[in-house]
Amino acid sequence: MSKITALSGRAVPLRGNDIDTDRIIPARFLRCVTFDGLGEFAFEDDRKQLTAVGKVHAFDEPRFKGAKILAVNSNFGCGSSREHAPQAIAKWGITAIVGVSFSEIFFGNCVAMGLPILRVSVADAESIQALIEAGGTVLGQPVHGWWKDTGQPRDLIEANHLLLERLEGQVL
């Protein structure tokens, strides 16, 4: 694989800290033999709970349909160590995740399956999510430990250099 040189595309913001793997893919969907079809059940319980009170989950909003980049906050993917969580996100169509921090096991599962995740500061995560909610497209370039967004370099807290080396040259 070759190195990722840029991230670009429609994105979906998922606000909230400590979104655990049980919320990403509920346990009742873990009995599958393959990961195919898991995407439709990503955040299933959260989506149903919001629908029941007349609200819409970001994964159900028409304006985010076809999103390839997921923008999250802190401690995303915490909880149990199910590899189904990043698989469900990827099967929904996400090709990269940008956020403040990630559970170590979730991070490792993403690396193992080739799903790039980048860490940004709290302020940058908030501004990226606000940009998306305002109808913007995420355009970024991880370059030598910096995240470039709209031309302004922003320090990455941590980049997944192992994965970036494995995916050298690819544009997501």
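Remember, predicted model here, so these are calculated numbers, not experimental data. (Residues numbered from 1 in each chain as written. Predicted model: local features only at pLDDT ≥ 70, side-chain atom pairs only at ≥ 80, totals over all residues. Heavy atoms only, no water.)

Let us now look at the overall build of the protein chain. When you go through the protein chain residue by residue, the secondary structure sums to six helices and nine strands. Residue burial in the protein chain is summarised as follows: out of 172 residues, 47% are buried. Considering only contacts within the protein chain whose residues lie at least 6 apart along the sequence, 73% involve residues at least 24 apart. Within the structure as shown, the protein chain displays about 8,300 Å² of accessible surface, and the carbon and sulfur contribution to it stands at 53%. (Helix = DSSP H or I, 4+ residues; strand = E, 2+ residues; numbered from the N terminus. Buried < 20%, exposed > 50% of the residue type's maximum accessible area, 1.4 Å probe, protein only. Contact = heavy atoms within 4.5 Å. Areas by Shrake-Rupley, 256 points an atom, 1.4 Å probe, with all protein chains shown as cover.)

Where side chains of opposite charge bring their charged atoms close, a pairing between them can arise. Under the defined criterion, the tally for this structure stands at seven salt bridges. Note that Asp 22 and Arg 82 form a salt bridge whose closest N and O atoms lie 2.6 Å from each other. Placement of the pair is Asp 22 in helix H1 (residues 21-24) and Arg 82 in the loop between strand E4 (69-71) and helix H3 (84-92), with a sequence separation of 60 residues. Residue class for Asp 22 comes out partly exposed when judged on its relative accessible area of 37%. Note on Arg 82: relative accessible area 11%, which makes it buried. Between Asp 46 and Arg 23 there is a salt bridge whose closest N-O contact spans 2.9 Å. Of this pair, Asp 46 sits in helix H2 (residues 44-52) while Arg 23 sits in helix H1, placing them 23 residues apart in sequence. Here the salt bridges do not stand alone but share partners, grouping Arg 15, Glu 126 and Glu 133 into one network. (Salt bridge = Lys/Arg side-chain N within 4 Å of Asp/Glu carboxyl O.)

Among the residues making up helix H4 (residues 104-113), those that are buried are Phe 106, Phe 107, Asn 109, Cys 110 and Val 111. Positive backbone phi, approximately 85°, marks Gly 114, located one or two places after H4.

For the rest of this paragraph, the subject is the nonpolar core. Membership of the largest hydrophobic core comes to 37 residues, with the highest contact counts inside it found for Val 12, Phe 43, Leu 70, Phe 76, Ile 89, Ile 97 and Phe 106. When contributions to this core are tallied by element, the ones reaching two or more residues are strand E3 (11-13), E4, H3, strand E5 (96-99), H4 and helix H5 (122-133). Dropping the residues within four chain positions of it, Phe 43 is found in contact with Leu 14, Ile 19, Arg 23, Ile 24, His 57, Phe 59, Phe 76 and Ile 89. (Core = buried A, V, L, I, M, F, W, Y, C linked by side-chain atoms within 4.5 Å.)

This part takes up the environment of Ile 89. Here Ile 89 is to be found in helix H3. In this structure the C-alpha to C-alpha distance between Ile 89 and Leu 115, which are 26 residues apart in sequence, comes to 9.6 Å. The residues contacting Ile 89, other than those within four sequence positions of it, are Ile 24, Phe 43, Leu 70, Phe 76, Ile 94, Ile 97 and Phe 106.

What follows covers the sheet that holds E5. In spatial order, the strands read E3-E4-E5-E6; together these four strands make up an open sheet with parallel pairing. Looking at strand neighbours, the two that pair on one side only are E3 and strand E6 (117-119), the edges of this open sheet. Put simply, the sheet's adjacent strands are angled 20° from each other on average, direction ignored. Sheet analysis places E4 next to E5, joined by three bridges and oriented parallel. (Pairing = 2+ DSSP bridges. Axes fitted to C-alpha atoms, helices over the stretch in contact; angles between N-to-C directions.)

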